[in-house]
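Letter by letter, the chains look like this.
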Amino acid sequence: MCGIVGYIGDQEAYPILIKGLHRLEYRGYDSAGISLINAQGTLSVYKAKGKVSALEKSVEGKDVSGTIGIAHTRWATHGEPNATNAHPHFSQSKNLSLVHNGIIENYKALRTELEKNGMTFCSETDTEVLVQLVEYMMNTHRCDLYTAVQLALKNVIGAYAIAILEKSHPDQLVCARKGSPLIIGVGTTSSGRKEFYLGSDATPIIEYTNQVIYLNDEEIAIMDRTGRLDITNLSNVKQTPQLVTLQMNLDQLEKGGYPHFMLKEIWEQPNALRTCIRGRLNVVDKDVLLSGIIDHKDKFINCRRIIICACGTSWHSALIGKYFIEEACQIPVEVEYASEFRYRNPVIRPDDVVIAVSQSGETADTLAAIQLAKEHGAFLYGICNVIGSSIARATHTGTYLHVGPEIGVASTKAFTGQVITLCLLGLAIAKEKKSIPEDLFHLLVDELQKIPDKMQWTLENNKDIDKFAQMFTYCKNFIYLGRGYNYPVALEGALKLKEISYIHAEGYPAAEMKHGPIALIDEEMPVVVIAPKRGMYEKVVSNIQEIKSRKGKIISVVTEGDEVVKNMSDYSFVIPDTRDCFVPLLAVIPLQLLSYYVAISKGRNVDQPRNLAKSVTVE
Ligand code: F6R
């Protein structure tokens, strides 16, 4: 949700900033902009509606020289996506330019106040208010930029990650954060001095340095060309920066020969999950080792219940986690939409464990939900993919997915990574609680180990989905059905189709059909049914009969060798047999591929679907 890049050092800033914007484009792609100070001290701002490539085109032939700059790719919140509302924004005197990720909630009141004091605005954004407020503070308090930023931010309600350039001080870069992520990369120039990079995440930085500092909430940093980096909080108390070494490589950020990140990430799943379970699942000793559980086992053994907070796809994986944990650990689990939980005054007790599931670790609602839970004294566990993310840092402990960066906006490998991590978590708790028989525990450990290979088999044996998907190019609606562990898979399959192909799709528990949705079925309606030859098989077969007799088109996900459902279906995807609880890890794969190829046949931009952004840092 908006991406920020910045640079100060000896190198030309423009190529670094543009490359960084391309890497961050998954966070927002409705407009982009860049601001530079050249050797003559001119502060320029260039902005364009649309993708970063449109910005590049718009600056052709213009002066983009300078060794200091900031840049932004936008996901619009306040004001429509156009060049005027794009960032960076100038202050009134054009002495400052600023980029911002987040939302300033009291921007209207601040704007009215500033207008009363003679300031005029060009855009409809909350961001312009921020840069004007900083300039106002500089003028009225006759202070430097750093102090003005501190003063301004004390008046601001909301979330921000900001970076600011000042024309009259072309050798320094100031940034700050609260609620939205910001990372400072520390590199070394050819002359041996420190140079600094800024990024909303590590992806624009990793090419140049793996040494980073995660800025904390309400911290302000100033960097200059002499290599000085100072960080204070809003009250001007000096903070000691913690330098962290990034564990990421550049290959993970490239498409690696695939046409889209989404397809690459779908095919990466077997290996990604092998990495996820490595060192955690031990088939030799039949053991599960999660340090977050081992170190805090009393919290889990004695907890009254577990609440899992998440959004979107992560909410779907959380639902599978609930089924598994309840079954394996005999602990009641509630799954909450973080956006509802945070505002509905929920009952949270100190003996509750609250788990936040989030790929990005930055989702504003999920972060707010755990902050609420923290205030009530609950124990907080984070399941995140992005290392060092806000949720990972705000929780008491947790488990990283380790599935590698997910760039495609539609989540795929993070979903299966979350499901397998929740299964590991359930097994680790079950071991501590002794809540399942030992032989079953061993069987589950053995089977979980086989899942990456079975995923590979699923990918290899459903290669003709691309041709089949073309039949649905002009479909207007889809229904997805599943029972038990596969009901959340139906929800996830429907979400994948909606978000990248823009075809309306709904997921239901299969047995709920007859309570209303069955009225939608006719010969035009494709119905995707997850029907593995496992528990509730016969019941799902009956549900398929009910749809067939109303002429619905059946697309099924069946267990290899099951000819019964295959023969009842217009088309089938096959998956290998596995235990009920692990079927979602396999069944979701053909659904991911189906949505991908339907979207391709409709000519959609699958990696950057309309209106969406990868990391939802606004509520
Ligand atoms: C869908 C998708 C979103 C995210 C949701 C939560 O493909 O990616 O629904 O799952 O925005 O994001 P995280 O997991 O980063 O908290």
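Higher on the page you've got the structure.
Quantities reported herein were computed from a predicted structural model and do not represent experimental measurements.

**Some points on the overall build of the protein**
Within the protein one finds 20 helices and 26 strands. By the compact-globule yardstick of 25 Å for 619 residues, the protein fits well, its C-alpha radius of gyration being 26 Å. Dimensions along the principal axes, computed over C-alpha positions, put the protein at roughly 75 × 55 × 50 Å. Residue burial in the protein is summarised as follows: out of 619 residues, 61% are buried. Carbon and sulfur atoms make up 49% of the accessible area of the protein, which totals about 23200 Å². Distance from the positive charge centre (65 side chains) to the negative charge centre (71 side chains) of the protein: 1 Å.

**A word on the pairing of strand β1 (residues 3-8)**
With respect to burial, β1 is a largely interior element, 6 of its 6 residues being buried. Burial along β1 is two-sided: the residues Gly 3, Val 5 and Tyr 7 and Ile 4, Gly 6 and Ile 8 are all buried. As judged from the 6 bridges shared by β1 and strand β4 (residues 68-74), these two strands associate in the antiparallel manner. When the sheet's bridge partners are listed, Ile 8 is paired in β4 with Ile 68. The sheet contact formed by β1 and strand β10 (residues 194-199) spans 4 bridges and is antiparallel. Across the sheet, the residue bridging to Gly 6 is Leu 198, located in β10.

**Remarks on helix α17 (residues 487-501)**
The end-to-end C-alpha distance of α17, which contains 15 residues, comes to 21 Å, matching closely the 21 Å that a straight helix rising 1.5 Å per residue would cover. Looking one or two residues beyond α17, the residue adopting positive phi is Tyr 502, at roughly 65 degrees.

**Focus on the packing of aromatic side chains**
What describes a pair of aromatic rings is the distance from one ring centre to the other and the angle between the planes of the rings. This structure, assessed with the given rule, holds 14 aromatic pairs. Judged by centre distance (4.2 Å) and plane angle (5 degrees), the rings of Trp 315 and Tyr 337 are stacked. Highlighted residues: Trp 315 in helix α10 (residues 312-329) and Tyr 337 in strand β18 (residues 333-337), separated in sequence by 22 residues. On the accessibility criterion, Trp 315 (10% relative accessible area) is buried. Arranged with centres 5.8 Å apart and planes meeting at 70 degrees, the rings of Tyr 323 and Tyr 485 form a pair that is edge-to-face.

Parameters at a glance
- Residues numbered from 1 in each chain as written.
- Predicted model: local features only at pLDDT ≥ 70, side-chain atom pairs only at ≥ 80, totals over all residues.
- Heavy atoms only, no water.
- Helix = DSSP H or I, 4+ residues; strand = E, 2+ residues; numbered from the N terminus.
- Rg over C-alpha atoms; globule rule 2.2 N^0.38 Å.
- Buried < 20%, exposed > 50% of the residue type's maximum accessible area, 1.4 Å probe, protein only.
- Areas by Shrake-Rupley, 256 points an atom, 1.4 Å probe, with all protein chains shown as cover.
- Lys, Arg positive; Asp, Glu negative; His and termini not counted.
- Charge placed at Lys NZ, Arg CZ, Asp CG, Glu CD.
- Pairing = 2+ DSSP bridges.
- Expected span 1.5 Å × (residues − 1).
- Phe/Tyr/Trp six-rings, centres within 6.5 Å; stacked < 30°, edge-to-face > 60°.

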